[in-house]
There are 2 protein chains.
Amino acid sequence: MPQESRTITVSLAADPYPVLIGGGLLGDLGFFLLERGIPSGTRVLMVTNPDVEAFHGARALQSLEASGFVVRTLVIEAGEEQKNPATVAAIHDAAFAHRLERSSLIVALGGGVVGDMAGFAAATWLRGIAVVQVPTTLLAMVDAAIGGKTGVNHPGGKNLIGAFHQPKLVLIDPLVLATLPEREFRAGMAEVIKYAVIGDGILFRDLEAAAERDPSGGLASRDALGPVLLQRLLERSAAAKARVVAADEREGGLRAILNYGHTLGHAVENLSGYGTWLHGEAVGLGMLAAGDIAVAMGLWSQADQDRQRRLIAAAGLPMDWPDLDPEAVLVSLQADKKVRQGKVRFVLPTGVGSVTIRDDVDPTTIRAALAVATSIGAP
Amino acid sequence: MPQESRTITVSLAADPYPVLIGGGLLGDLGFFLLERGIPSGTRVLMVTNPDVEAFHGARALQSLEASGFVVRTLVIEAGEEQKNPATVAAIHDAAFAHRLERSSLIVALGGGVVGDMAGFAAATWLRGIAVVQVPTTLLAMVDAAIGGKTGVNHPGGKNLIGAFHQPKLVLIDPLVLATLPEREFRAGMAEVIKYAVIGDGILFRDLEAAAERDPSGGLASRDALGPVLLQRLLERSAAAKARVVAADEREGGLRAILNYGHTLGHAVENLSGYGTWLHGEAVGLGMLAAGDIAVAMGLWSQADQDRQRRLIAAAGLPMDWPDLDPEAVLVSLQADKKVRQGKVRFVLPTGVGSVTIRDDVDPTTIRAALAVATSIGAP
């Protein structure tokens, strides 16, 4: 058993589930499934991608088999280009071939794309079988793996096809981040900063302390953070996500605040073509622009916007708003899932640790903020 | 407003919904959506199939538009061969083209295949938008439209891909059955008989009275039944389904009794190739065989099995168990969704209006029942 680990519970009325966080937990995956009440002998389809399989697949498999699970591994390509119904069909085919039953289990071992697709395949196989999320990227650890959002892309937009399907268990092992490319680590840090801005002033100041020690890289890598701060960031981020999800499982209201930075971030992703920006990088850009909009609307101060900018800079994230046609951005916003009756909803900061949701942002204000973001961001 | 109609509520804790039953209700579809709290101006994608569109599409459309809904109709081929992820993708494409939002609605106007696919498309678009079921076949009215089971076929078996997604409203208008092919009417009657056997002795005796008047056709058509008995059968069947669904939304236990006749029925469908038998015809054959198994196990009497046979005969349903290799049937049973830990679960009658669930049926007993069904059924 690992020395330091912590359990955070996502307190859903119907089926609460634990998020386990601690270095080395992956080697005990099988044990934790048993502890969660999944009996030895259960058929398990482990879905992963080639890199993760190479680094961590054997350990996960060994742990599962040692606990008596009947495991088959499916390795899928898991870039945004493969995040589509055809890949879900491949998971379904493997589920059929491995004779999964309603009491069987899918384990998603990988980043957000693996988790989203394996989760969606589980949600739609036999009208829903259990899934366990084992995220291996920082982004998935603090965001995608917790909360039950699953899905794939449609040619018309990201994640338009999907379902809410809560996992039975989320297992987060920070040691696996040792093999994560640094660019992906930085992208994940954007979501950590998001939690700080939307609801956790203590986390914000923790991040600021690290950023002050090294303004250009203090938040940019696992080594820069060190294991103690990393564990703390994971715990606070997971706890923030768990609180919001428990209060609003299906994104009726409060959960929308998790979309801070995502409205414009999705527009950046859509218009640049999937793959140009990592999701977290786009969210970072979206937070910069949303902050500028909030300043323009008098919702928060330029001083706080500058504090947010410093954190994003210390994470080594892109600071230059890309050269996109502002009118195309406005059109793209209309296609977002979060549109209601044609109105685009923005999550805007009102202070460090608090946000508000507005559907009355003037297109002129958006255009102006994009211009500011571009001119400030330009080198 | 129609003269005689009745509302049955499916009492789910999270989101109870009404099932409206009455001649002529289709012409008031728009009104009932407004009454259900779906605001005028909501974008609606109406999914239907060519025959139903030709007979009833205009009236449904007119009613929706008169109430201010922004409607687009998608006509899909809806045989079992088209019940696959590709057709769901076509519905998703239409949802995107019609700019459906989370607050938008899909209306399924058609039989079980339309309802299952439109429901699944709604369950998985934007992680779930509302669906209203307007069944136009007897089978869909008494079974598929109520209860939230949605899905499509996988090459390995029926309905292996799907989700639970409860409708906002179910609207049943018996007048639309005037355009239903008689073979499909008879197939639907199999599910009515199912409700009688599994839990409604009063319905069983209603059916027997009609069968005694005409042993070879008293239950075989809308005209033979007459409007009063038809309304009554629809109400009792819907109420039976609603009770079971409310008690067990996700098929954890009680709901499994609705699978009476389906375990062997699915095997008949799988082995004969989709399209050879209508679903209800296969269920009728499955009930005959399940009854024989129950007799062999001493669970119910030959006299009651004979009463069941008379109802199935009066509905004009096939009485001849098809010429299938019993060993192939046994293998097919293993692929059923209802298998747990490799054990096939059978719903078996114990009396008129009561059933039990058993997972200890001996393969020898199954073989013997299939032999009995074949020899009795042979002309």
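Residues numbered from 1 in each chain as written. Chains lettered and ligands numbered in written order. Predicted model: local features only at pLDDT ≥ 70, side-chain atom pairs only at ≥ 80, totals over all residues. Heavy atoms only, no water.

Asks: Pulling in residues and values, what's your account of the interface of chain A and chain B?
Replies: With 29 residues of chain A at the interface, the matching set in chain B holds 29 residues. Where chain A abuts chain B, roughly 2900 Å² becomes buried across the two surfaces, and 52% of that area is made up of carbon and sulfur atoms. Taken together, chain A and chain B are joined by zero salt bridges. Our count for the chain A to chain B interface comes out at eight residue pairs in polar contact (both at pLDDT 80 or more). (Contact = heavy atoms within 4.5 Å. Buried area = accessible area lost by both parts, 1.4 Å probe. Salt bridge = Lys/Arg side-chain N within 4 Å of Asp/Glu carboxyl O. Polar contact = N/O pair within 3.5 Å; in protein donor to acceptor, adjacent residues only side chain to side chain.)

Asks: I'd like a description of the pairing of strand β3 (residues 43-48) of chain A, backed by residues and values.
Replies: Residues and elements named next belong to chain A. With respect to burial, β3 is a largely interior element, five of its six residues being buried. Inspection of the sheet shows β3 paired to strand β4 (residues 70-75) by six bridges, in the parallel sense. Along β4, the bridge assignment pairs Val47 with Leu74. Once you follow β3 into helix α2 (residues 50-66) and on to β4, the crossover reads as right-handed. Sheet analysis places β3 next to strand β5 (residues 105-110), joined by five bridges and oriented parallel. Looking at β5, one finds that Val44 is bridged to Leu105. (Buried < 20%, exposed > 50% of the residue type's maximum accessible area, 1.4 Å probe, protein only. Helix = DSSP H or I, 4+ residues; strand = E, 2+ residues; numbered from the N terminus. Pairing = 2+ DSSP bridges. Right-handed = clockwise from strand over helix to strand, strands pointing away.)

Asks: Report on the pairing of strand β1 (residues 5-10) of chain B, specifying residues and quantitative values.
Replies: Along any regular strand the residues' side chains alternate between the sheet's two faces. Residues and elements named next belong to chain B. For β1 and strand β2 (residues 17-22), the ladder comprises six bridges, and the chain directions are antiparallel. Paired with Arg6 across the strands is Ile21, a residue of β2. With antiparallel pairing between neighbouring strands as the criterion, β1 and β2 make up a hairpin whose turn holds six residues.

Asks: Give a description of the packing of aromatic side chains that names residues and reports values.
Replies: Under the definition given, this model contains two aromatic pairs over all chains. Note on Phe31(A) and Phe32(A): the rings are 5.2 Å apart at their centroids and 75° apart in plane angle, and the pair reads as edge-to-face. Looking at Phe31(A), the relative accessible area reads 37%, which means it is partly exposed. Lying across the ring of Tyr195(B), Lys194(B) places its NZ or CZ 4.9 Å from the centre. (Phe/Tyr/Trp six-rings, centres within 6.5 Å; stacked < 30°, edge-to-face > 60°. Lys NZ or Arg CZ within 6 Å of the ring centre and 35° of its normal.)

Asks: Residues and numbers for the sheet that holds strand β5 (residues 105-110) of chain B, please.
Replies: All names here are of chain B. A sheet is described by the order of its strands in space; here seven strands give the open sequence β1-β2-β9-β6-β5-β3-β4, paired in mixed fashion. The sheet terminates laterally at β1 and β4 (70-75), the two strands that pair on one side only. Taking each pair of neighbouring strands and ignoring which way they run, the sheet shows an average axis angle of 20°. (Axes fitted to C-alpha atoms, helices over the stretch in contact; angles between N-to-C directions.)

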